[in-house]
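Below are the chains, spelled out letter by letter.
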Amino acid sequence: MRSLLLILIGFVLMPAIADVLPNVEPTSVNKDTQVVQINKSARFYFDYDDEFHSAFDFDAFAQQFRPLNDLNKKPQKEIYSKWAYFKVERDTEISDWILSFGFPRLAKVSVYQKMPYGWLDVINLTESDPFSKRPIQDPQFYIPLKLQPGENTFLVEYQTFANAPANIRLHSQENFLAESHKSLITNASLAGVIAAILLIVLVNLFFNRNSTNVYYATWTLLFFMIVIDTAGFTFQYFWPHHNKFSGQFSIFLMATVPLFHLLFVRGFLQLKHYHPVLNKIYCTFICIYAALIPIALFINSVYFNLLLSTLVIPVFIYTCVWSIKQKGPGMRTFTFSLINHLLFLNVFTIVGASYGNFIDVFDITSFIKIGYLIEVLLFTVALALQHKSLQSRLLNQLQHQVHALNQTVNTKHKEANDKEVQLKAKEEKLFTDLSHELRTPLTVMKIQVESLQYNIVDNVQDSYNKLMTKIDELNSFIDQLMLVTDDKDIAALLNKETLNAKVFINEVFQTCIQEGDPKKSKFSVSNSVDHRLSINVDKQTMENAILEVVKNALRFGGEDVEISLTTLQEDHNLIIKIEDSGMPLSYEAHQQLFQPLFRDEVSRSAMLGGKGMGLAVCKKIIESHEGKIESHNSLLGGLCIEISLPIESVSKPQLEVG
């Protein structure tokens, strides 16, 4: 009677016990099976709260196991354990099979096999275990499994880098060897390709040393280290006894590479000059990325770094839209590489499969390597296109400079032979120009006088006014001519005073800008003088001299003239450069530019006005301040007037406020 009661109780409890276990269809393997995708048939449980510690707790959590796509996935700052429950039906004589996860290293892995007497602990590895403790000595992580005839039940606990999804597969011995060799050859080849690109980048850096190339070389080096790290070479060959350090090294690489990527993008696009607002946004993200590197190493997680990489996605999207519209060399190729980075790394890898697990993207290391490989190739092509364009421009400039130098040498040779002839011609030209300049106003005055004499004018007062105006112009012209031709020093006539150089130059530049028409001229100003420097000048006279140079640039610079006003300190001199985008001058014109009554033949037009005295007067004023004034052709295309004034002193501390 008691035995019958126990049998009835057993029949009642058996369905309840069966309901506790997850409903898993066993995966069948036979002699023709090479590889099986475990993720499709397995049931999973993500232990966010760290409550599931071993197979002995399985019964308490069995009902919470779900198919992978049905799990409620959420981002986690800490690395958590993932549990996989699956069954394998062995229909072959082969009992030795290999389990893989698609990673070179796991922070933790435990495999339990269901036996008649309970769970058998097959393997248990943590991040403190060395490489030698692996059951299979391979760069990628493999675990051997012994399948019993019939149905085999397994429970696996594993932890992945950044909680990325694992591609759990079951391999036959033949398939394992083929996959191992394929992975080794692929990763070695990929590392070789990146090493070759890195060598090209370093050679380019040697010949083109600038910050953008430094950032790109560093970024490429980090990518090379990521390739050999995700291939498993670092843990196997560099520090096989320090699994935990290998994890820290991976965190350092993943936290650092976005920093140099942003620095390179910012430098390549020259955002500081072409898009200041976007440049500030990039600088903000760069600072945050830099601050997160020690935080990631301290908390042993790249969660916040991945979160920041998610927030930067809208910035990358806007950058792609903006850069594709630019017409610079290599811009389209650069944009395509940035789009590749956005899709492969930011969207698929980081948002979809890394910290969030929103998309079940397997072989995440392959996505990272493929994405970075395509990106570095496109970046290298973009840099090559940009450098080719720059080299062509430099070559053209060099050819122009060589041609100009050749002309200068020939001119110097001719000048040495014809010096006396030129001196006489100069004197004759001076009198000719003087006659030319005086003939027109004298003729006008003669006509006005005759009109008054014979009373044939309608408005006598207007004729008198015109006559007086011409007389004033002649007086002014004669005064200027006497000033520049007289050898007497005018320094004693100046009212010099000590002024703050930076403040004075800013005021003069503002006055110069007001002389131009915003619709016909464009000014750019750069004043890098130390605010403590002082100069001793006649304020009004010096301002008039600089203003005269700017007026000359506006008058002869043509339509839409660009004028650059630059101030800098060189040794003990204050250098003021006024450049325009007009037509360049010949060597002979530069030699006579500051001579009285000189005007270049191109500019000898009554519509432009001027008597050729302005720059001559400027030279006299600058030299009276113990300075120098020189001219040469500007990189803007026109003329560059360079004024050099001696620096008086360094202002006292109390003057710094002013």
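See the structure shown above.
Please read these numbers as outputs of a predicted model, since none were measured by experiment. (Residues numbered from 1 in each chain as written. Predicted model: local features only at pLDDT ≥ 70, side-chain atom pairs only at ≥ 80, totals over all residues. Heavy atoms only, no water.)

S.K.: What am I meant to see in the overall build of the protein here?
M.R.: Across its full length, the protein holds 19 helices and 18 strands. Here the protein has roughly 35,400 Å² of accessible surface; of this, 59% comes from carbon and sulfur atoms. (Helix = DSSP H or I, 4+ residues; strand = E, 2+ residues; numbered from the N terminus. Areas by Shrake-Rupley, 256 points an atom, 1.4 Å probe, with all protein chains shown as cover.)

S.K.: Quick question: what am I supposed to make of the nonpolar core here?
M.R.: For soluble globular proteins, nonpolar side chains are generally found buried alongside one another. Counting 60 residues, the largest nonpolar core has L269, Y282 and F334 as the members making the most contacts within it. Residue contributions to this core peak at 13 residues, all from helix α7 (residues 243-269). Contact partners of L269, with chain neighbours within four places excluded, come to Y274, T319, W322, S323, M331 and F334. In terms of nonpolar packing, the next biggest core, distinct from the first, is built from 40 residues, M542, A553, V561 and C618 among them. (Core = buried A, V, L, I, M, F, W, Y, C linked by side-chain atoms within 4.5 Å. Buried < 20%, exposed > 50% of the residue type's maximum accessible area, 1.4 Å probe, protein only. Contact = heavy atoms within 4.5 Å.)

S.K.: Would you mind going over the environment of Q63 with me for this structure?
M.R.: Here Q63 lies in the loop between α3 (58-61) and β4 (81-90). The exposure class assigned to Q63 is partly exposed, which follows from its relative accessible area of 47%.

S.K.: Whenever I open this one, the packing of helix α5 (residues 211-230) against α7 confuses me. Can you help?
M.R.: Geometrically, a packed helix pair is captured by the angle between its two axes and the distance between the axes. With their axes 8 Å apart at the nearest point, α5 and α7 run at an angle of 150 degrees to one another. Relative to α7, the element α5 lies roughly antiparallel. For the pair α5 and α7, the sense of crossing is left-handed. In terms of residue class, the contact of α5 with α7 is made up of 14 nonpolar, 7 polar and 1 charged. (Axes fitted to C-alpha atoms, helices over the stretch in contact; angles between N-to-C directions. Parallel < 35°, antiparallel > 145°, perpendicular 65-115°, else oblique. Left-handed = near helix turned anticlockwise from the far one by under 90°. Nonpolar A, V, L, I, M, F, W, Y, C, P; charged D, E, K, R; others polar.)

S.K.: Sorry, what's going on with the packing of aromatic side chains here?
M.R.: What characterises a pair of aromatic rings is the spacing of the ring centres plus the angle enclosed by the ring planes. If you walk through the whole model with that rule in mind, you get 28 aromatic pairs. Aromatic side chains F86 and F154 sit 5.5 Å apart centroid to centroid with 25 degrees between the ring planes, which places their arrangement in the stacked category. Taken as a pair, F86 in strand β4 and F154 in strand β9 (residues 150-159) lie far apart in primary sequence, 68 residues in all. Judged by relative accessible area, F86 falls into the buried class, the value being 1%. (Phe/Tyr/Trp six-rings, centres within 6.5 Å; stacked < 30°, edge-to-face > 60°.)

S.K.: Explanation requested: the pattern of salt bridges in the structure shown.
M.R.: Where charged atoms from two side chains of opposite charge come close, those side chains can pair. All chains considered together, the criterion is met by 7 salt bridges. Two residues, E78 and K77, come together in a salt bridge whose shortest N-O distance is 3.7 Å. With a shortest N-O distance of 3.2 Å, K108 and E157 are connected by a salt bridge. Residue K108 is found in strand β6 (residues 108-115), and its partner E157 is found in strand β9; the two are separated by 49 residues along the sequence. Judged by its relative accessible area of 23%, K108 falls in the partly exposed class. (Salt bridge = Lys/Arg side-chain N within 4 Å of Asp/Glu carboxyl O.)

S.K.: What am I meant to see in the packing of α7 against helix α9 (residues 276-299) here?
M.R.: Two elements in contact, α7 and α9, have axes whose closest approach is 9 Å; the angle formed by their N-to-C orientations is 170 degrees. Taken together, the axes of α7 and α9 lie roughly antiparallel to each other. Side by side, α7 and α9 meet where Q248, I251, F252, A255, T256, P258, L259, L262, L263, V265 and R266 of the first sit next to N279, Y282, C283, F285, I286, Y289, A290, I293, A296 and L297 of the second. Of the residues assigned to the contact of α7 with α9, the class counts are 17 nonpolar, 3 polar and 1 charged.

S.K.: Which parts of the structure should I look at to understand the pairing of strand β17 (residues 639-646)?
M.R.: Within a regular strand, the side chains alternate between the two sheet faces. Burial within β17 is extensive, with 7 of its 8 residues counted as buried. By the bridge criterion, 7 bridges tie strand β15 (residues 573-580) to β17 in an arrangement that is antiparallel. The partner of I578 across the bridge, within β17, is I641. Counted along the chain from strand β16 (residues 628-633) to the antiparallel partner β17, the turn is 5 residues long, and its residue G637 has a positive phi close to 115 degrees. (Pairing = 2+ DSSP bridges.)

S.K.: Would you mind showing me how to read the sheet that holds strand β8 (residues 142-146) here?
M.R.: The strands that make up a sheet pair up through hydrogen bonds in the backbone, lying either parallel or antiparallel. The antiparallel open sheet is built from 4 strands, whose spatial order is β2-β10-β5-β8. The open sheet has two free edges, formed respectively by β2 (35-37) and β8, since each of these has just one partner strand. This sheet shows a mean twist of 25 degrees between the axes of neighbouring strands, independent of strand direction. Two strands pair when backbone bridges link them, and strand β5 (residues 96-100) and strand β10 (residues 169-171) are joined in this way by 3 bridges, in the antiparallel orientation. Considered in β10, the bridge of I98 is made with H171. Across the sheet, helix α4 (residues 173-207) lies against β2, β5, β8 and β10, angled at about 110 degrees from β10, the strand it touches most.

S.K.: What exactly am I supposed to notice about unusual backbone geometry here?
M.R.: Most peptide bonds take the trans configuration, and most residues that are not glycine carry a negative phi. A positive phi is found at Q270, a non-glycine position, where the angle reads about 50 degrees. On the secondary structure map, Q270 appears in the loop between α7 and α8 (271-274). Even without a glycine there, the phi angle at D571 is positive, about 60 degrees. Note on placement: D571 falls in the loop between β14 (561-570) and β15. For D571, a relative accessible area of 64% translates into the label exposed.

S.K.: Would you take a moment to explain the sheet that holds β15 for this structure?
M.R.: Pairing is mixed across the open sheet formed by 5 strands, whose spatial order is β12-β14-β15-β17-β16. Unpaired on one side and paired on the other, β12 (521-527) and β16 mark the two borders of the sheet. Each strand of the sheet is rotated relative to its neighbour by a mean of 15 degrees, with strand direction disregarded. On the sheet, helix α16 (residues 501-515) packs against β12, β14 and β15 and is oriented at approximately 180 degrees with respect to β12. Most of the contacts of helix α17 (residues 539-556) go to β14, to which it runs at about 145 degrees, and overall it touches β12, β14, β15 and β17.

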